[in-house]
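Residues per chain are reported as follows:
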Number of protein chains: 4
Amino acid sequence: MSQIKELQLKLAEFAKEQDWEQFHTPKNLTMALSGEVGELTEIFQWLTDEQSFNLNNKQTSALNEELADVFLYLIRLADVTGVDLLKASEEKLQKNALKYPIEKCFGNAKKYTEFK
Amino acid sequence: MSQIKELQLKLAEFAKEQDWEQFHTPKNLTMALSGEVGELTEIFQWLTDEQSFNLNNKQTSALNEELADVFLYLIRLADVTGVDLLKASEEKLQKNALKYPIEKCFGNAKKYTEFK
Amino acid sequence: MSQIKELQLKLAEFAKEQDWEQFHTPKNLTMALSGEVGELTEIFQWLTDEQSFNLNNKQTSALNEELADVFLYLIRLADVTGVDLLKASEEKLQKNALKYPIEKCFGNAKKYTEFK
Amino acid sequence: MSQIKELQLKLAEFAKEQDWEQFHTPKNLTMALSGEVGELTEIFQWLTDEQSFNLNNKQTSALNEELADVFLYLIRLADVTGVDLLKASEEKLQKNALKYPIEKCFGNAKKYTEFK
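Computed from a predicted structure; not experimentally measured.

1. A short note on the environment of Leu29 of chain C
At step 1: Note that Leu29 of chain C resides in helix H2 (residues 26–44).
At step 2: Relative accessible area serves as the criterion here: at 0%, Leu29 of chain C is assigned to the buried category.
At step 3: Apart from the residues within four sequence positions on either side, Leu29 of chain C is in contact with Trp46 of chain A together with His24, Tyr73, Arg76, Leu77 and Val80 of chain C.

2. Brief notes about the interface of chain B and chain A
At step 1: Tallying the contact residues gives 68 residues for chain B and 68 residues for chain A.
At step 2: Where chain B abuts chain A, roughly 6000 Å² becomes buried across the two surfaces, and 68% of that area is made up of carbon and sulfur atoms.
At step 3: Where chain B packs against chain A, one counts 8 salt bridges.
At step 4: Here Lys92 of chain B and Asp69 of chain A are joined by a salt bridge, their closest N and O atoms 2.7 Å apart.

3. Structural notes on the relation of the copies chain B and chain D
At step 1: Turning chain B through 180° and shifting it by 0.0 Å along the axis lays it on chain D, with an RMSD of 0.0 Å. Those values place the two copies in the arrangement expected of a two-fold rotation axis. Considering only C-alpha atoms, the residue of chain B closest to the rotation axis is Gly38 of chain B, which sits at 2.2 Å.
At step 2: Mapped onto chain D, 100% of the interface residues of chain B are again interface residues, and the two copies thus contact each other with one and the same surface.

4. With respect to the relation of the copies chain B and chain A
At step 1: With an RMSD of 0.0 Å, the operation that places chain B on chain A is a rotation of 180° combined with a shift of 0.0 Å along the axis.
At step 2: The residues that chain B uses at the interface reappear at the interface of chain A in 100% of cases, marking a shared surface.

5. Considering the packing of helix H4 (residues 57–81) of chain C against helix H5 (residues 85–99) of chain D
At step 1: Relative to each other, H4 of chain C and H5 of chain D sit at 85°, their axes nearing to 8 Å. Regarding the angle of H4 of chain C to H5 of chain D, the classification is roughly perpendicular. Along its contact with H4 of chain C, which presents Asn64, Glu65, Leu67, Ala68, Asp69, Phe71 and Leu72 of chain C, the element H5 of chain D presents Leu85, Leu86, Ala88, Ser89, Lys92, Leu93 and Lys95 of chain D.
At step 2: Class assignment of the residues belonging to the contact of H4 of chain C with H5 of chain D gives a composition of 8 nonpolar, 2 polar and 4 charged.

6. Focus on the side chain of Asn28 of chain C
At step 1: Within the element layout of this structure, Asn28 of chain C appears in helix H2.
At step 2: At 2.9 Å, the side chain of Asn28 of chain C forms a polar contact with the backbone oxygen of Phe23 of chain C.
At step 3: Ignoring anything within four residues of it in the chain, the contact list for Asn28 of chain C reads Gln45, Trp46 and Leu47 of chain A, Lys27 of chain B, Phe23 of chain C together with Asp49 of chain D.

Cut-offs applied
- Residues numbered from 1 in each chain as written.
- Chains lettered and ligands numbered in written order.
- Predicted model: local features only at pLDDT ≥ 70, side-chain atom pairs only at ≥ 80, totals over all residues.
- Heavy atoms only, no water.
- Helix = DSSP H or I, 4+ residues; strand = E, 2+ residues; numbered from the N terminus.
- Buried < 20%, exposed > 50% of the residue type's maximum accessible area, 1.4 Å probe, protein only.
- Contact = heavy atoms within 4.5 Å.
- Buried area = accessible area lost by both parts, 1.4 Å probe.
- Salt bridge = Lys/Arg side-chain N within 4 Å of Asp/Glu carboxyl O.
- Least-squares fit on C-alpha atoms with pLDDT ≥ 70 in both.
- Axes fitted to C-alpha atoms, helices over the stretch in contact; angles between N-to-C directions.
- Parallel < 35°, antiparallel > 145°, perpendicular 65-115°, else oblique.
- Nonpolar A, V, L, I, M, F, W, Y, C, P; charged D, E, K, R; others polar.
- Polar contact = N/O pair within 3.5 Å; in protein donor to acceptor, adjacent residues only side chain to side chain.

Below you can see the structure in the form of structure tokens.
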């Protein structure tokens, strides 16, 4: 069993034990995910790019926690909607490889921004 | 090697080939993640909870794509910041188990909302 | 002078007094706005539509504060980027009136979702 | 009548004409606002701070449109929840003046980040 599936089962069991399944609709979980990304954003909002690579202990601890929160809501949302995250991601990577051929896109900020 | 690590290596290689590493700062990747969560949110914003469980083909296809985008930026961000997503998530789950003891939190919307 | 302009001047003065202008780049302010919308989202994430119309005192107080935070970062961002919010909004309203003719769009959830 | 109130009345009338009031719950409008902030974020995600001050015509046009969208959903949300945006913002400014006394907070990135 994949490590993601294992975590999803733990989350599903925890939600069931707490009788929280009623709250875990796709719509609500999307909002919860969005809220956690907001907290992640707050870590970096006033930092320069360079500072964002050199977090202090307190910021690193917050980063670990927020990334975990985002990940947990993401895989819970994928679980309740029946989406296979790894499969969907592999398909997306193949799409991107076609969309951004290296010879056309190599290292140009302007192109990058426009293509995205 | 975990499936997440495999995907992270593919993403790192793709970024290197395209000379996109310069754009992949923690700050920028957080914004990119946030933008994708915005697109995910747009799928559900006008739907009822019931509708959010019963997406049509077009919505399901969009959901697969947006969840993949969120996941890919999330694991790329974890990679460039050196965060172990699975480890951080396991630690968070243990924290939550202590924070939300079943006998105290069972199935109460009001409590749920206040606690979160 | 419009009330928005008055507030923008106060914010500009406050930023100057604190020597915070260096942090108030369009990029950073967009992240700050995004972080505040995350906090706003957390108020509503587990509520039903009905509950979202009937907030208790604590939730109402949080709502007032988060809407203010979103508004203040929004007008500060508009100020530093030189965007006239009221003018841009009037133009958007005119665009929408053309985009959503009443005879075509009246009250259909499916159309609404697809059009948006 | 304030310019915000005038815009709110136009939006309310437009929603009524289209029979869209049923979709404009506080919860849904918060998601719509969040989605628009996601689109705003996408404008700036790969730009440096310097570039974020020097947008090209296409980016400026997108910025005007996204700021308008954010503003319109924000004031619509304030309207349906009965929040007076200007009053709430004035109160927030007074709170901030107390929270960030100049002599304590002047121009220090570290303090700024920690205080926020």
